[in-house]
Amino acid sequence: MHAGPSDLVDLLECEHRSYLARAGRDGDSRELREAAARTAADLRAGADLIENATFFDGVFHCTAQTLVRTPSGYEPCDEVPEATPLAVLSLTAAAQALGSERAHLIVDGRRTSFRAADFTPLLNRLKARLAQPPPAPKRSWGDVRAACNGCRFARHCAAGREEARDLSLVAGLRADQRRKLVSVGIDTIDALAATEERPATLSHASFAALTAQARLQVQQERTGVTTYEVVAPEALQHLPEPAEDDVFLEVEGDTFRTPGWEGTFPEFVDRTPTGTVYHFTPHDLVARAARTATRESEVDELVRRCVDLGALTRRALRVSTREYTLQALKPLLRDENPTRGVRDLLQRIKREHGVETAVKEERDEAALEKAAERARRMAALTEPLMAEGHTLFAATVGYHRRESSPAWGDFFRQASAPISDLETDSNCAVPITLKAEDWVPPSGRVRTHKRQVHARIDPERPHPFGKDEQVRLLYPGNVTRNAVVADDNPYELVLTESTSQEHGELPVAVLPGSPVPAAPKDEAVAELAEQAVHLLPLLPRNPGIDLLLRTPPGQLPQHPDVVQAVIKAVDQLDGGTLAVQGPPGAGKTYLATKLVRHLIDQGKTVAVTSTSHKAVENVLSSVDPDIPMAKRPKGKPEEDLPWDQPKDNGALARWREEHPQGHLVGGTAWTFANAVIKAQPFDVMIIDEAGQFALADAVAVATAARNLVLLGDPQQLPQVVQGVHPPGSDASALGHLLGDADVIPEHLGYFLAETRRMHPAVCKPVSELSYAGLLHSHETACHRGIEGIEPGIYLREVDHRHNITSSTEEADAVVDTVRRIVGRTWTDNGRTRELTDADVLVVAPYNLQVRVIRRRLADAGFDETRVGTVDRFQGQEAPAVIMSMTSSSTVDLPRGLDFLLSRNRLNVALSRAQALAVMICSPRLLDADVRGVEQMRLVAGMLGLLEQVKKFPV
Ligand code: SF4
């Protein structure tokens with residue numbers, strides 16, 4: 001039987017679909033053979049362009065709309081409405097059949113090209129799986145998953161689930177909740193409706209909500225009547241009183257609809273609706289505005305007047321329908337326009353329950369005028385920049401506002417969101433159980449009542465909070481109170497709550513604290529834009545502008561010693577930007593200390609900034625302590641630091657005046673964007689970790705410098721971005737210079753191409769994964785190794801199922817691997833010693849797995865082995881690294897496939913190894929439930945890596 005690209009996509013997204021699609025297919029392949037023969041003849045004839053090409057190897061077939069002849073051979077090209085997995089796999093297959101390196105997609109008239117090799121490992125794996133007969137499934141239907149949406153077998157599977165009374169019939173039930181219920185034998189909606197027994201891993205709130213939902217649905221099935229229960233009437237305080245100018249909005253794709261009107265997103269905004277905008281499904285107005293960098297201020301204002309009726313309904317009511325959609329709610333509505341109908345229904349319930357409308361904080365005239373003034377100022381900056389083609393500069397002007405606006409939006413939304421929404425919000429935690437200690441009354445200098453709250457957490461939904469973090473506790477009735485994390489582990493959060501008045505309530509959720517304001521970073525960028533607008537079409541001389549424009553720093557000196565070359569290049573800088581990409585072990589810190597020493601000896605003023613206080617202090621700690629240096633402390637000043645700690649920016653500025661000769665100042669972007677500090681620009685500003693430092697922050701700090709040096713590596717841990725931004729403006733400073741490339745282009749800076757850490761056998765796969773094969777091992781790294789185990793990266797497969805954030809099977813394999821390493825002889829350039837458990841570093845993706853591994857290692861007597869998540873180990877190294885991938889499969893991953901298989905994370909984990917890296921992984925980790933082209937790229941990257949590794953000898 002033959003198969004094609006759509007069979008690959010079926011296999012990629014859902015094994016069950018793959019089985020259904022292939023069952024009973026006829027095997028006639030005559031037409032395919034004839035079409036393939038015609039294409040072969042066209043290829044032999046050598047035309048410049050071949051249309052409707054078909055390839056068929058007797059089993060697998062694929063097509064390409066056009067084959068374009070290039071100097072290196074034919075390349076396939078398809079014009080498609082969007083870049084889907086089918087389009088990409090189909091072209092990759094055609095490229096493979098042709099032996100071409102590149103393939104091209106035309107979407108919306110724009111051509112994008114990709115390297116076939118980026119997807120070939122996945123293509124090969126899927127083809128190999130297709131070649132095996134599909135396993136006969138136990139049931140005729142599959143479990144609900146993202147791929148069901150739009151699946152051609154959706155009805156078939158829905159009917160199967162219906163007949164089986166499957167739990168997925170319960171509205172709002174998530175896959176992880178289903179799994180927990182099934183594990184204790186509750187596998188039908190009827191069983192859930194009847195049960196009183198809560199699975200220990202399900203929170204009280206979820207269990208109560210799900211059983212009540214199941215009962216209500218079962219009742220509707222019996223009576224045929226749609227009903228509802230009011231569960232949180234107080235949520236309706238956020239429903240405004242009806243008004244004449246109310247707008248009822250429905251959004252379908254790019255079409256915006258209100259009663260009697262239809263148009264696009266910009267047309268809707270330009271109609272400037274004045275009243276409350278009611279909508280039932282999310283409309284992501286802010287993201288739409290941000291992506292196009294248009295009408296952002298108008299949308300900000302509009303969003304304040306939007307009311308999400310869908311969220312309010314889910315929060316206030318429990319309805320007897322299977323889905324909470326407008327269509328399902330229709331039997332409860334009295335209006336022809338269902339959105340208005342839901343608003344009226346909620347209004348009625350609000351009145352019946354005597355709920356008062358919450359007084360919406362009216363922004364006073366002065367605040368409104370300030371907002372309007374800010375919008376006018378932004379437009380006055382961005383519009384002329386855009387008109388001159390400086391779209392990236394214009395996008396940078398609004399970056400900080402866009403970046404903080406989702407955080408502020410979330411800050412307010414989370415306080416009134418349904419608990420089910422908070423459970424799936426990875427920034428929040430909904431504890432399974434809670435208990436509080438007694439209040440400690442105010443005494444001495446403590447003016448508030450304090451108590452500790454112990455929150456038990458579902459370890460399969462990891463909480464995001466760390467010790468000492470400011471959080472908010474959410475209480476019933478949308479009340480929030482501040483707290484601090486006193487202690488945390490994957491199972492429990494201990495929170496210290498402080499309040500002016502004791503109370504006897506327990507919180508229901510833990511929410512993040514308030515976002516950090518962007519000022520004065522945004523102001524620094526705006527000031528630079530202002531200078532630019534005055535000069536247009538010219539631009540002011542500023543290293544931040546060079547960075548935005550990717551202006552090369554001039555002819556770059558070459559020297560056998562790259563440190564000397566960089567120092568010479570910095571000396572030559574005359575108001576420009578130089579980039580240095582430093583892969584793991586390539587001597588980035590060494591270079592920074594040499595560069596600082598050199599500059600200070602020349603009497604230069606040097607600033608060092610980075611992504612955090614800690615990162616800045618790491619650089620200050622590594623330079624010669626006799627250099628005059630200063631940095632404002634994060635909190636209270638610490639003792640015994642080799643640098644001065646002025647208490648504020650004024651004191652820091654005075655310190656600089658007192659040290660007129662060469663000096664070094666450390667600080668975060670907030671320090672260097674401050675007007676007092678940037679009044680005296682530094683000769684050189686070094687941005688360390690520039691692969692994680694936002695481009696807009698770099699532009700902000702560049703206003704305090706004459707020259708900019710970017711040090712870092714965008715191929716290691718990625719930059720964290722929260723907002724939606726126009727393309728390109730969400731990059732890191734160094735990532736922006738690299739663009740799509742894996743290494744810095746030669747004319748923009750230096751690539752530190754030699755690692756002193758990794759043995760060539762470890763370095764080569766890492767280099768191919770992340771550095772286009774350009775990273776090599778230094779001579780000194782070649783002569784090291786572990787007795788009896790060849791250096792390199794190994795795979796150790798461990799079969800396990802249903803593990804998500806922890807796997808005892810993998811933890812046992814970690815212990816066994818450590819045992820096989822400890823006691824062997826370590827040779828490093830002629831010196832030998834015996835390896836101990838301290839020579840092994842273990843990386844796991846989730847804190848829970850870190851704990852499980854730590855415990856098992858301790859039980860086995862390996863207390864010295866370092867175990868942690870990858871973020872903890874940047875900069876560290878060890879003779880051997882073990883990596884536990886933990887999850888059994890990609891289904892249900894709490895932080896997504898993108899997190900688990902991130903190329904950056906793999907790079908950081910593997911590149912800690914001096915001689916040996918062992919990846920421990922389930923053989924099913926890379927099968928099924930892969931969605932979208934970017935996920936395909938990740939899986940293919942991991943498969944490509946696995947093709948190069950050896951099996952670990954066990
Ligand atoms: S409906 Fe869902 S479970 Fe059924 S075949 Fe399609 S994707 Fe798979």
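Since we're looking at a predicted model, the values are computed, not measured. (Residues numbered from 1 in each chain as written. Predicted model: local features only at pLDDT ≥ 70, side-chain atom pairs only at ≥ 80, totals over all residues.)

Broken down by element type, the chain carries 36 helices and 36 strands. In summary, the chain has a C-alpha radius of gyration of 30 Å against a globular reference of 30 Å for 954 residues, a match within 12%. Counting all 954 residues of the chain, 43% fall into the buried class. Contacts in the chain between residues far apart in sequence, at least 24 positions, make up 70% of those at least 6 positions apart. (Helix = DSSP H or I, 4+ residues; strand = E, 2+ residues; numbered from the N terminus. Rg over C-alpha atoms; globule rule 2.2 N^0.38 Å. Buried ≥ 20, exposed ≤ 12 C-beta atoms within 10 Å, placed from the backbone. Contact = placed C-beta atoms within 7 Å.)

Let's shift gears to the environment of Pro-137. If you trace the backbone, Pro-137 turns up in the loop between helix 5 (120-131) and helix 6 (154-163). A count of 13 C-beta atoms within 10 Å places Pro-137 in the partly exposed class. Pro-137 sits 635 residues away from Ala-772 along the chain, and the two C-alpha atoms are 42 Å apart. Excluding its chain neighbours within four sequence positions, the residues that come into contact with Pro-137 are His-16 and Tyr-19.

The subject of this paragraph is the pairing of strand 16 (residues 479-488). Direction of pairing for strand 15 (residues 470-475) relative to strand 16: antiparallel, over a ladder of six bridges. Bridge pairing in strand 16 places Val-471 opposite Ala-483. Where strand 15 hands over to strand 16, the hairpin turn is made up of three residues, of which Gly-477 adopts a positive phi near 85°. Relative to strand 17 (residues 492-499), strand 16 runs antiparallel, the two being bridged by five bridges. Bridge pairing links Ala-483 to Glu-497 in strand 17. (Pairing = 2+ DSSP bridges.)

Turning to the sheet that holds strand 23 (residues 682-687), a few remarks are in order. Ordered by their spatial adjacency, seven strands build an open sheet running 21-22-20-23-24-19-25, and the pairing between neighbours is parallel. Strands at the two margins of the open sheet, each flanked by one partner only, are strand 21 (629-631) and strand 25 (749-751). Strand-to-strand twist of the sheet, defined as the mean angle between neighbouring strand axes without regard to direction, takes the value 15°. Pairing geometry for strand 23 and strand 24 (residues 705-712), over five bridges, is parallel. Along strand 24, the bridge assignment pairs Ile-686 with Val-709. (Axes fitted to C-alpha atoms, helices over the stretch in contact; angles between N-to-C directions.)

Grouped together as the largest cluster of nonpolar side chains are 179 residues, with contacts concentrated most on Ala-94, Met-685, Ile-687, Val-701 and Val-881. Element by element, the count of residues in this core is highest for helix 4 (residues 85-98), at nine residues. Grouped together as the second largest cluster of nonpolar side chains are 49 residues, Leu-236, Ala-316, Val-342 and Val-430 included. (Core = buried A, V, L, I, M, F, W, Y, C linked by C-beta atoms within 7 Å.)

Turning our attention to the site of the ligand. Around the ligand sit Cys-14, His-16, Arg-17, Leu-20, Gly-142, Arg-145, Ala-147, Cys-148, Cys-151, Phe-153, Ala-154 and Cys-157, and that is every residue in its neighbourhood. When residues in the shell around the ligand are grouped by element, the largest group, three residues, is from helix 2 (residues 15-22). Taken together, the residues that form the shell around the ligand break down as eight nonpolar, two polar and two charged. (Near = placed C-beta within 6 Å. Nonpolar A, V, L, I, M, F, W, Y, C, P; charged D, E, K, R; others polar.)

So, about unusual backbone geometry. For the bond from Ala-519 to Pro-520, the omega torsion is 0°, close enough to zero to count as cis. Its place among the elements puts Pro-520 in the loop between strand 18 (509-512) and helix 20 (521-535). At the junction of Leu-536 and Pro-537, the peptide bond is cis and its omega measures out at 5° in the coordinates. Considering the arrangement of structural elements, one finds Pro-537 in the loop between helix 20 and helix 21 (543-549).

Another point: helix 22 (residues 562-572). Along helix 22, the residues classified as buried are Val-566, Ala-569 and Val-570. On an axial view of helix 22, the arc spanned by its buried residues comes to 100°, and they lie on one face. Summarising the contacts, the buried residues of helix 22 are in contact with strand 19 (577-581), helix 23 (588-601), strand 23, strand 24 and strand 25. (Arc of directions from axis to C-beta.)

Moving on to the sheet that holds strand 14 (residues 449-456). Strand order across the open sheet formed by six strands is 13-14-17-16-15-18, with antiparallel pairing between neighbours. The two strands at the open ends of the sheet, each matched to only one other strand, are strand 13 (433-436) and strand 18. Strand-to-strand twist of the sheet, defined as the mean angle between neighbouring strand axes without regard to direction, takes the value 35°.

Let's shift gears to the packing of helix 13 (residues 309-316) against helix 15 (residues 338-352). Put simply, helix 13 and helix 15 touch, their axes get as near as 11 Å, and they point 35° apart. When the axes of helix 13 and helix 15 are compared, the crossing they make is left-handed. On helix 15, the residues touching Leu-309, Leu-312, Thr-313 and Ala-316 of helix 13 are Thr-339, Val-342, Arg-343, Leu-346 and Ile-349. A breakdown of the residues in the contact of helix 13 with helix 15 according to their chemical character gives six nonpolar, two polar and one charged. (Left-handed = near helix turned anticlockwise from the far one by under 90°.)

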